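# Structural overview for review
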Amino acid sequence: MDADEPEHDVTSAERLGPPVPSEAQAAAARLPTKPDAVVLVGERVRVRPATLDDAARLFAISNGEPVTRLGRSIDAYDPDELVWRFVRVGPFGSPGDYAEHLGSIIDRPDWRTFVVEDVTTGEALGSASLIANSPADLKVEIGALWCTPAVQGMGVMQEACLL
């Protein structure tokens, strides 16, 4: 800015950025309420729609028992502290309890839950969801993210979210 130019307050419209293009607004009417069941593959992880068949595998890597993934191991741990602390559910007492929870979110009309897997071995690493999808508002949230403590800090969930 030149020293001769007067300063101005930033308006709320300027803070929000440019308006959504009309083509995107028109597309809102064609978008599904339930996010699509896509499979996405990155360098280290694959993200695919969760099914009830995944419940036992996801329970096994989030229940506090020792686990090894991506060449890292963790001994017994507190699942409430290391996995479920920032998620509204869990820990779960059994694979059946996890399956009941997974079934309830798989059936949600505005939610799609994904398994995050090791792209090489297919082993489960965690879970991520697209939640509160609102096509009319061109909005969807990434949430209910968790990964087994063996891979925490390795960028697994960052890669999954970028996919």
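The present account deals with the structure reproduced in this document.

Reading guide: rules and limits
- Each chain has its residues counted from 1, following the order in which its sequence is written.
- Side-chain atom pairs in this predicted model are given and counted only at pLDDT of 80 or more, local residue features only at pLDDT of at least 70, and totals for whole chains, interfaces and linings cover all residues.
- Hydrogen atoms and water are omitted, and side-chain values are computed over all heavy atoms in the structure.
- Numbering goes from the N terminus for both helices and strands, where a helix is a DSSP run of H or I of at least four residues and a strand is a run of E of at least two.
- What the globule rule says is 2.2 Å times the number of residues to the power 0.38, and the radius of gyration is computed from C-alpha atoms.
- To sort residues, take the accessible area from a 1.4 Å probe on protein chains only and compare it with the maximum for the residue type: under 20% means buried, over 50% means exposed, and anything in between is partly exposed.
- We call two residues in contact when some of their heavy atoms are within 4.5 Å.
- Here the open area of atoms and residues is found with the Shrake-Rupley method and a 1.4 Å probe, where only the protein chains shown may cover a residue.
- None of His or the chain ends enter the tally, which takes Lys and Arg as positive and Asp and Glu as negative.
- The atoms used to mark charge sites are NZ of Lys, CZ of Arg, CG of Asp and CD of Glu.
- Pairing between strands is defined by DSSP: at least two bridges between the two strands are required.
- Points on a 1 Å grid, built from protein atoms alone, make a cavity when a 1.4 Å probe fits but cannot get out and make a pocket when they are open with protein on both sides within 12 Å along at least 5 of 7 lines; residues with an atom within 4 Å of a point are the lining residues.
- Grid points are joined across faces, edges and corners, and a volume is the space filled by probe spheres set on the points.
- Charged residues are taken to be Asp, Glu, Lys and Arg, nonpolar residues to be Ala, Val, Leu, Ile, Met, Phe, Trp, Tyr, Cys and Pro, and polar residues to be all remaining types, Gly included.

### Points about the overall build of the protein
Scanning the protein from N- to C-terminus turns up six helices and seven strands. Listed by position from the N terminus, the elements making up the protein come as α-α-β-β-α-β-β-α-α-β-β-β-α. Scaling as 2.2 N^0.38, a compact globule of 163 residues should have a C-alpha radius of gyration of about 15 Å, whereas the protein reaches 20 Å, well beyond that. Expressed as lengths along the three principal axes of its C-alpha atoms, the size of the protein is roughly 65 × 40 × 30 Å. Residues classed as buried in the protein amount to 37% of the 163 residues present. If you take every contact in the protein between residues at least 6 apart in sequence, the share linking residues at least 24 apart comes to 58%. By element, 53% of the accessible surface of the protein is carried by carbon and sulfur atoms, the whole surface being about 9,800 Å². Charge separation in the protein, taken as the distance between the mean sites of 14 positive and 26 negative side-chain charges, equals 7 Å.

### Focus: unusual backbone geometry
At the junction of Gly-90 and Pro-91, the peptide bond is cis and its omega measures out at -5° in the coordinates. Along the chain, the position of Pro-91 falls in the loop between α4 (79-82) and α5 (95-106). Its identity is not glycine, yet Leu-70 carries a phi of approximately 50°, on the positive side. Within the secondary structure, Leu-70 is located in the loop between β3 (67-69) and β4 (72-74). Located in the positive-phi region is Ala-132, a residue other than glycine, with phi close to 50°. Judged by relative accessible area, which is 27%, Ala-132 ranks as partly exposed.

### Description of the pairing of strand β2 (residues 45-49)
Most of β2 sits inside the fold, with four of its five residues counted as buried. Here two bridges tie strand β1 (residues 40-41) to β2, and the two strands are oriented antiparallel to one another. If you follow Val-41 over to β2, its bridge partner there is Arg-46. With antiparallel pairing between neighbouring strands as the criterion, β1 and β2 make up a hairpin whose turn holds three residues. Here β2 pairs with strand β5 (residues 112-118) via five bridges, running antiparallel. Counted as the bridge partner of Arg-48 is Val-115 from β5.

### Description of the layout of surface pockets
Of the pockets and cavities examined, the largest pocket occupies roughly 380 Å³. Contributing to the lining of the largest pocket are 21 residues, with Pro-35, Asp-36, Phe-114, Leu-130 and Val-140 lying nearest its centre. Residue assignment for the lining of the largest pocket shows that the elements contributing at least two residues are β6 (124-134), β7 (139-147) and α6 (156-162). Looking at the lining of the largest pocket element by element, the count peaks at four residues for β6. Looking at side-chain class alone, the lining of the largest pocket contains 16 nonpolar, two polar and three charged residues. In this structure, the second largest pocket encloses a volume near 230 Å³. Taken together, 15 residues line the second largest pocket, and the ones lying closest to its centre are Val-87, Val-89, His-101, Trp-111 and Ala-144. Secondary-structure elements contributing two or more residues to the lining of the second largest pocket are α5, β6 and β7. In the lining of the second largest pocket, the residues fall into 10 nonpolar, four polar and one charged.

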